[in-house]
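Notes for the structure review
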Amino acid sequence: MAGEQLIGVLGLQGDYCAHGRMLEEAGARAQVVKKTAQLRRVQGLVIPGGESTALIKLMDAGDWWESLRDFAGTGKPILGTCAGMILLAREVLNPPQKSLGLIDATVERNSYGRQQESFEGMGTFGRGRRERPLPMVFIRAPRICRLGPRVKALAFCRGDCVLARQGPILVASFHPELTADLTVHRYFLGMVG
Ligand code: GLN
């Protein structure tokens, strides 16, 4: 039952509280994760937006790289939004920086230009007859500029793929936790099963 799912939200930096609220509205229990040992208890993990360079420094200071790779190795789902997506991508541009490389995608940081550094837009989720509008908030957002052949594009905005999945890894270039729409969090809970 969805009510029994315990989902961790990485609480090193960024807007992790909003993710917790969305997960609980979608029927799960949320637990802020500040220590690697807490990863053992959760069935899925959200890596929130924030500043990826700051996150990298905080991760370097602990044993986060190994612990997050081990977590992914068990097949438990991870949702990365914005800076979280940057951390999960195989390749990061503008400038290149290290990442977990858990999804076969290339992302370009701060890619939407000065005028649009932050904007709200209406995108689409799903394809064909199932396509429906999805509100999206972009904050100094990264752009997905390459998807590997095993990565599925799930949502689009202004011609770009903005939500993508490879197996248990789900990434969004926008902030689904800053809208009232639970689509992305519900989809993620469906992956957690
Ligand atoms: N610009 C940030 C970065 O490059 C990401 C912004 C965000 O997470 N909202 O890390």
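Here is a short report on the structure shown in this document. (Residues numbered from 1 in each chain as written. Predicted model: local features only at pLDDT ≥ 70, side-chain atom pairs only at ≥ 80, totals over all residues. Heavy atoms only, no water.)

1. Some points on the pairing of strand β12 (residues 169-172)
The condition that has to hold: Exposure is judged per residue with a 1.4 Å probe applied to protein chains only, and the accessible area is read against the type maximum: over 50% gives exposed, under 20% gives buried, and values in between give partly exposed. Secondary structure elements follow DSSP: runs of H or I of four or more residues count as helices, runs of E of two or more count as strands, with numbering from the N terminus. Following DSSP output, two strands are said to pair if at least two bridges run between them.
Both faces of β12 are covered, namely the face carrying I169 and V171 and the face carrying L170 and A172. Examined bridge by bridge, strand β4 (residues 78-81) and β12 share four bridges and lie parallel to one another. Along β12, the bridge assignment pairs T81 with A172. Of the strand pairs in this sheet, strand β11 (residues 160-166) and β12 are connected by four bridges, and their pairing is antiparallel. Within β12, the residue paired with Q166 across the bridge is I169. If you look at the hairpin formed by β11 and β12, you'll find two residues sitting between the two strands, and G167 has a positive phi there, around 55 degrees.

2. Regarding the environment of R150
The criterion, for reference: Should any heavy atoms of two residues lie within 4.5 Å, those residues are counted as being in contact.
As for its position among the elements, R150 is in the loop between β9 (143-147) and β10 (152-157). R150 sits in the exposed class, given a relative accessible area of 68%. Distance in space between the C-alpha atoms of R150 and R165 is 8.7 Å, their sequence separation being 15 residues. With residues up to four places along the chain from it excluded, the contact list for R150 reads R165 and Q166.

3. A few points about the packing of aromatic side chains
Using the following cut-off: Any two rings among Phe, Tyr and Trp, with Trp reduced to its six-membered ring, count as a pair given centres within 6.5 Å; such a pair is stacked if its planes are under 30 degrees apart, edge-to-face if over 60, and tilted if neither.
Under the criterion given, the structure shown has five aromatic pairs. On the basis of an interplanar angle of 50 degrees and a centroid distance of 6.0 Å, the ring pair of F138 and F174 is categorised as tilted. Of this pair, F138 sits in strand β8 (residues 132-139) while F174 is found in the loop between β12 and α5 (183-192), placing the two residues 36 residues apart along the sequence. Judged on exposure class, the residue F138 and its partner F174 are both buried.

4. So, the pattern of salt bridges
To keep things clear, this is the line we draw: Here, a salt bridge means any side-chain nitrogen of Lys or Arg that lies within 4 Å of a carboxyl oxygen of Asp or Glu.
Taken as a whole and assessed by the stated rule, the structure comprises six salt bridges. Put simply, R90 and D104 hold a salt bridge, and the shortest N to O gap is 3.5 Å. Of the two residues, R90 is situated in strand β5 (residues 89-93) and D104 in strand β6 (residues 103-108); the sequence distance between them amounts to 14 residues. Classification of D104 as buried rests on a relative accessible area of 14%. A network of salt bridges, in which partner residues are shared, links E51, R109 and R140.

5. Thoughts on the environment of Q38
The condition is simple: What qualifies as a polar contact is a pair of N or O atoms within 3.5 Å, subject to a donor-acceptor requirement within protein and to the restriction that residues adjacent in sequence count only when both atoms come from side chains.
Note on placement: Q38 falls in the loop between β2 (29-33) and β3 (44-47). Spatially, the C-alpha atom of Q38 lies 17 Å from that of A61, the residues being 23 residues apart in sequence. A distance of 2.6 Å separates a polar atom in the side chain of Q38 from the backbone nitrogen of K34.

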